[in-house]
Amino acid sequence: MPFLLVWNLFWMGATAAILALIYHLDSRDAAAGARQSAGGKQ
Amino acid sequence: MNPALIIIILFAIFALAVGLNARRGKKLSLEQWAIGGRGFGSLLTFLLMAGEAFSTFTFLGASGWTYSKGVPAFYILSYGCLAYVLGYWMLPAIWRHAKERGLVSFADYFASRYESRAVGVLVSVVAVLAMVALLIIQLRGLGIIVSEMSYGLIAQNTAIWISALLMVAYMTVSGIHGSASIAIFKDALILGLAIFLGTYLPVHYFGGVGEMFARIDAVHPELLRMPEHGLNLSWYNSTLLLTALGYYLYPHGFTAVYVARDASALRKNVVLMPIYQVLIAFLFLVGFAAVLTVHGLEGAQTDLALLRLVKQTFPSWFVGIVGGAGLLTALVPGSLIMLNASTTIARNIYREGFAPQASDKAVARIARISLPLFTLVVVFFVLRGGTTFVALAIFSSSLLTQLVPMLASSFLKRPFGTREAAFGGIAAGGVVLALSNWGGMTLATVFPNAPLALTSINMGLVALFSNAVVFVAISAVQRLLRARIDTAVESA
């Protein structure tokens, strides 16, 4: 298989994995922020 | 009657029924009609954005370019990846602004960010022109697919007329809900077909993917190597950058962002898109499989590689299914383009340009009237003939990509770009594009002694660079002058 095709497929997988990780961290931070502000209101 | 023809007709009837039925139970204001009332969850947002990304350009162009040009076609796979990384941060920002201000059309965003009706009209004109080109690509692709897969029993022009009428019918009635409902079936079907064809055809004809590449390497080694001239590495990288920057500037893709219920739906969509795009790699395999098995395709005909290979390999009923899938592949982005063009004409050209006092109801009426008229104009251009898919797509992408400096500046917390700079930048980029497209200007003619790596750069990127320089220069001068005037007034 041409190297450039394999290279592209590798980076597509890597991009999806990195973005999924960032999404997970962002969601966790947003949930923590929401909990904190809800606690502050009480 | 030919089984392929019956199946294609059934697909068309099915699309019309699903599209019309999508309206059931909904009262359609302009916001509901054009952007689904901003209530689409992750799945529907994904299907709409994937529908926009996977059009007839991908269906025919990816395999056709691989068949005729080989490795340079891989740029189609690469640019999405780069665009999704930008999209992860860009799309939620666009969505938030659109929700806060109640934006509906593509040009609304720029008019709102630059607080200028004139900018809205300018962007609308660029967008509508580009959408003419984009719909031409979809309709021409659709004509080719239906005519080819019905074994010539339906003429291209007949297929284009029928499909255009079909889209007009369900889009006028259901708006974006029609597109979204068809996208569900289209994406599932195309995913299954691309994976099946990309794995089955190399095994069927060569015994495996490795064996197929070994055979191509022996007969056509040039297809597996990046050429030194023309579509070389420099062209590849510059085209990749250009198309990635312009990826979200297709009006129908941009407004698909507005439909999302929340920013999280958009982020999830961006995470999934690189995986979805892998199916393009399967279409490359189909293109490579056609290299040694489909003979005699030259020039624009190379776009037929996938269809001819399917026809010579499978029975008529399966040919009909591929033809039907191709039909849906054109209908989803095609109808989204029509919807966006009509919304832009009504909101930004009619109201912003001529009738600022027009009510929302009047604008919605104009949008519904514009939809068939816009389609009629495009059908006229399609029937007159022209260039191939990829050349058209690159040109319209270049035209829309001229909005990148304006978009980038809109994300800054402290406003920098001015509306005058926006006009100046687009004019500069437009001049370079016009000289390149109609004047035959290339970097090689301007710099005859420059190295090949420089002269092979895509002219669209050169136009964008000129645009960005003018945009920044005019904005900087205006800000400087304004600061001086303010200081002078204060000291007086």
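Residues numbered from 1 in each chain as written. Chains lettered and ligands numbered in written order. Predicted model: local features only at pLDDT ≥ 70, side-chain atom pairs only at ≥ 80, totals over all residues. Heavy atoms only, no water.

**Q** Residues and numbers for the overall build of chain B, please.
**A** Across its full length, chain B holds 23 helices and 0 strands. What you see for chain B is a C-alpha radius of gyration of 23 Å, in line with the 23 Å of a compact globule of 492 residues. Its C-alpha atoms give chain B principal-axis dimensions of about 85 × 65 × 40 Å. Within chain B, buried positions represent 60% of all 492 residues. Summing over all exposed atoms, chain B offers an accessible surface of approximately 19,000 Å²; the carbon and sulfur share of this is 66%. Charged side chains of chain B number 32 positive and 19 negative; the gap between the two group centres comes to 9 Å. (Helix = DSSP H or I, 4+ residues; strand = E, 2+ residues; numbered from the N terminus. Rg over C-alpha atoms; globule rule 2.2 N^0.38 Å. Buried < 20%, exposed > 50% of the residue type's maximum accessible area, 1.4 Å probe, protein only. Areas by Shrake-Rupley, 256 points an atom, 1.4 Å probe, with all protein chains shown as cover. Lys, Arg positive; Asp, Glu negative; His and termini not counted. Charge placed at Lys NZ, Arg CZ, Asp CG, Glu CD.)

**Q** How would you sum up the overall build of chain A? Please name residues and give values.
**A** Within chain A one finds 1 helix and 0 strands. Expressed along its principal axes, the backbone C-alpha trace of chain A runs to roughly 60 × 5 × 5 Å. Among the 42 residues that make up chain A, the fraction classed as buried is 24%. As displayed, chain A offers around 2,900 Å² of accessible surface, 68% of which is attributable to carbon and sulfur atoms.

**Q** Just give me the short version of empty space enclosed by the protein, but keep the residues and values in it.
**A** All names here are of chain B. Under the definition given, this model contains 5 cavities of 30 Å³ or more. The calculated volume of the second largest cavity comes to roughly 40 Å³. For the lining of the second largest cavity, the leading source of residues is helix 3 (residues 42-53), giving 3 residues. When grouped by side-chain class, the residues that make up the lining of the second largest cavity number 6 nonpolar, 1 polar and 1 charged. (1 Å grid on protein atoms, 1.4 Å probe; cavity = no way out; pocket = protein on both sides within 12 Å on 5 of 7 lines; lining within 4 Å. Points joined across faces, edges and corners; volume = space filled by probe spheres on them. Nonpolar A, V, L, I, M, F, W, Y, C, P; charged D, E, K, R; others polar.)

**Q** How would you explain the interface of chain A and chain B if you had to name every residue and give the values?
**A** With 15 residues of chain A in contact, the opposing surface of chain B contributes 25 residues. Carbon and sulfur atoms make up 82% of the surface buried where chain A meets chain B, a total of about 1,700 Å² over both sides. Considering only the surface of chain A that becomes buried against chain B, A:Met12, A:Leu19 and A:Tyr23 emerge as the three largest contributors, covering 36% of it. Applying the counting criterion to the chain A and chain B interface returns 5 residue pairs in polar contact (both at pLDDT 80 or more). Residues that form the side of chain A that touches chain B fall into these classes: 12 nonpolar, 2 polar and 1 charged. (Contact = heavy atoms within 4.5 Å. Buried area = accessible area lost by both parts, 1.4 Å probe. Polar contact = N/O pair within 3.5 Å; in protein donor to acceptor, adjacent residues only side chain to side chain.)

**Q** Can you lay out the pattern of salt bridges for me, pointing to particular residues and giving the numbers?
**A** Residues and elements named next belong to chain B. One pass over the full model with this rule turns up 7 salt bridges over all chains. The partner of Arg 351 in a salt bridge is Asp 360, and the shortest N-O contact between them spans 3.0 Å. The buried category is assigned to Arg 351, whose relative accessible area is 15%. What makes Asp 360 exposed here is its relative accessible area of 55%. One salt bridge in this structure joins Glu 420 and Arg 419, with 3.9 Å as the shortest N-O distance. On the accessibility criterion, Arg 419 (40% relative accessible area) is partly exposed. Within this structure, Glu 148, Arg 308 and Lys 311 form a network of salt bridges that share partners. (Salt bridge = Lys/Arg side-chain N within 4 Å of Asp/Glu carboxyl O.)

**Q** With reference to specific residues and values, describe the packing of helix 7 (residues 117-149) of chain B against helix 17 (residues 360-383) of chain B.
**A** Residues and elements named next belong to chain B. In the contact formed by helix 7 and helix 17, the axes pass within 9 Å of each other and the chain directions differ by 60°. It follows from the interaxial angle that helix 7 and helix 17 lie oblique. At the point where helix 7 passes helix 17, the crossing takes the right-handed sense. Judged by residue contacts, Val 128, Met 131, Val 132, Leu 135, Ile 136, Leu 139 and Arg 140 of helix 7 engage Phe 374, Val 378, Val 379, Phe 381 and Val 382 from helix 17. Class assignment of the residues belonging to the contact of helix 7 with helix 17 gives a composition of 11 nonpolar, no polar and 1 charged. (Axes fitted to C-alpha atoms, helices over the stretch in contact; angles between N-to-C directions. Parallel < 35°, antiparallel > 145°, perpendicular 65-115°, else oblique. Left-handed = near helix turned anticlockwise from the far one by under 90°.)

**Q** How would you sum up the nonpolar core? Please name residues and give values.
**A** All names here are of chain B. The biggest cluster of nonpolar side chains holds 179 residues, and the ones touching the most others in it are Phe 110 and Met 406. For this core, the element with the most residues is helix 7, which contributes 19 residues. Counting 6 residues, the second largest nonpolar core, distinct from the first, contains Val 432, Leu 443, Met 459 and Val 462. (Core = buried A, V, L, I, M, F, W, Y, C linked by side-chain atoms within 4.5 Å.)

Interpretation in functional terms is not warranted from these geometric data alone.
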